[in-house]
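# Structural overview for review
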Amino acid sequence: MASAQVIRRLSVQLARQASLAGRWPVLVEDDLAAIDPVTGSRAASFAVLRRLAEIGQLEPVRRGTYGMRDETGVLRVDLLSLIDAVTPAPYLITAGRALAAHDLSDQHFRAAIVLVPRPRRPFTWRGDRVRYVVAPADRIWGARRSGPRLAAPERAILDSIAHPRWGVTFSQAAEALRLALDRSPRFAARLATATRRYRNAATARRLGFLVEQIAGPDAAAPFRALRGSSRAATLLDPAGSRTGPYEPRWRVRVNADLDAVLATPAVR
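Now for a description of the structure that goes with this document.

## A word on the nonpolar core
The biggest cluster of nonpolar side chains holds 67 residues, and the ones touching the most others in it are I83, F123, I157 and L177. Ranked by residue count, the leading element in this core is helix 7 (residues 170-183), at 8 residues. One finds L10, V26, L32 and L49 within the second-largest nonpolar core, a separate group that totals 12 residues.

Given below as structure tokens:
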């Protein structure tokens, strides 16, 4: 077993190494090579990591991955950076966590939805669960340009409206849409472009209807060509009841209380 002095030395070394790399999660496969010369062997390096976890310098996340405290003892690992460290590209963090990150919701969504092309095991970090959802690689798009691959507001709203089981209620998604439209006169056009790429006529109808209610018919006009050919009624709230008035222009059944949904005060 390494001495206490060696343990402290390696703790500082790993913290500095992580800081230089711009990340705080410690990935065993990346970092053990840097400390093997100090410990003398790979087995000894594993023993050091176990000891660092025992004394609280490292906090296990999943097999081979640790959250790490910095030189002042602060655990500087946020969930999005952790997902970025352990999830190979391509991936996309979307739905509720993306809405909250863009200040489009004041809810704390306990589950982070991450789109990936192949199955991955979920994990939990400090009470928040990371849920991986398999999607074709060509459907994993719409990330912001820097940092963790977080869905842009338009993609996060699309996923929230289309997939209520991903943890965002219809009223929360509609509120996020209203906030985004209020903040930028260009958002409706960006959302329509993303909706065309999304290739889901039911979602296009829901969004076109909502955009018209919030921002008027001109803002909603680009969505009309995306409604598809089916004449069947689309539920406005896909998780709601199957009753409500039919709106023929958008071919949606209005099964939600629009006055309650659209009158929600802005969260920020």
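## Looking at the side chain of T195
Tracing the chain through its elements places T195 in helix 8 (residues 187-198). Look past the residues within four positions of T195 in its chain and what remains in contact with it is L158, A204, L207, F223 and L226.

## A few points about the packing of helix 2 (residues 28-39) against helix 3 (residues 42-54)
With their axes 8 Å apart at the nearest point, helix 2 and helix 3 run at an angle of 110 degrees to one another. Considered as vectors, helix 2 and helix 3 are oriented roughly perpendicular to each other. Touching V28, L32, A33, I35, D36 and T39 of helix 2 are R42, A44, S45, F46, V48 and L49, all from helix 3. A class-by-class count of the residues in the contact of helix 2 with helix 3 yields 8 nonpolar, 2 polar and 2 charged.

## Focus: the sheet that holds strand 4 (residues 92-94)
Taken in spatial order, the 4 strands make up an open sheet running 4-5-7-6, and their pairing is mixed. Each edge of the sheet is formed by a strand with only one pairing partner; in this case those strands are strand 4 and strand 6 (123-125). Averaged over all pairs of adjacent strands, the angle between their axes in this sheet comes to 30 degrees, without regard to strand direction. Running over the sheet, helix 4 (residues 79-86) touches strand 4, strand 5 (111-116), strand 6 and strand 7 (128-134) and is turned about 145 degrees from strand 6. Here helix 6 (residues 153-162) sits on the sheet in contact with strand 4 and strand 5, set at roughly 65 degrees to strand 4.

## Considerations on empty space enclosed by the protein
One pass over the full model with this rule turns up 1 cavity of 30 Å³ or more. Residue lining of the largest cavity: S160, I161, P164, V168, T169, F170, D237 and P238, and that is the complete set.

## Points about the pattern of salt bridges
A complete count under the given rule lists 8 salt bridges for this structure. Where D182 meets R178, a salt bridge forms, and the shortest distance between an N and an O atom there is 3.7 Å. Here D182 and its partner R178 are both found in helix 7, 4 residues apart, which amounts to about one turn of the helix.

## Focus: the packing of aromatic side chains
Applying the stated criterion across every chain yields a total of 1 aromatic pair. Taken together, a centroid distance of 6.5 Å and an interplanar angle of 80 degrees make the contact between W141 and Y198 edge-to-face. Of this pair, W141 sits in the loop between strand 7 and helix 6 while Y198 sits in helix 8, and the two are 57 residues apart along the sequence. Here W141 matches Y198 in class, with each residue buried. Against the face of W250 rests R227, its NZ or CZ located 5.8 Å from the ring centre.

The rules we used
Along every chain, residues carry numbers that run from 1 in the direction the sequence is written. Confidence filtering applies because this is a predicted model: local features only for residues at pLDDT of at least 70, side-chain atom pairs given and counted only at 80 or more, and all residues used for totals across whole chains, interfaces and linings. Only hydrogens and water are set aside when side-chain values are computed; all heavy atoms of the structure are taken into account. Only buried Ala, Val, Leu, Ile, Met, Phe, Trp, Tyr and Cys residues count toward a nonpolar core, and they belong to the same one when joined by side-chain atoms within 4.5 Å. The buried label goes to any residue with under 20% of its type's maximum accessible area, the exposed label to any with over 50%, and the partly exposed label to all in between, with areas taken from a 1.4 Å probe on protein chains only. Here a strand is any run of E in DSSP of at least two residues, a helix any run of H or I of at least four, and the numbering for each starts at the N terminus. Whether two residues are in contact is decided by their heavy atoms: any pair within 4.5 Å suffices. Working convention: axes come from line fits to C-alpha atoms, limited for helices to the stretch in contact. Angles between N-to-C directions cover 0 to 180 degrees. Working definition: roughly parallel below 35 degrees, roughly antiparallel above 145 degrees, roughly perpendicular at 65 to 115 degrees, and oblique for all remaining angles. Three classes are used, and their members are as follows: Ala, Val, Leu, Ile, Met, Phe, Trp, Tyr, Cys and Pro are nonpolar, Asp, Glu, Lys and Arg are charged, and the others, Gly among them, are polar. When DSSP locates at least two bridges between a pair of strands, those strands are taken to pair. Grid points spaced at 1 Å and placed over the protein atoms alone form the basis of the search, with a cavity being a set where a 1.4 Å probe fits but cannot get out and a pocket an open set showing protein on both sides within 12 Å along at least five of seven lines. Lining residues have an atom within 4 Å of a point. Grid points are joined across faces, edges and corners, and a volume is the space filled by probe spheres set on the points. Put simply, a salt bridge is a Lys or Arg side-chain nitrogen that is within 4 Å of an Asp or Glu carboxyl oxygen. Centres within 6.5 Å make a pair out of two Phe, Tyr or Trp rings, where for Trp the six-membered ring is used; the pair is then stacked when the planes are under 30 degrees apart, edge-to-face when over 60, and tilted otherwise. Only Lys NZ and Arg CZ are tested; either one counts as a charge over a ring when it is within 6 Å of the ring centre and within 35 degrees of the ring normal.

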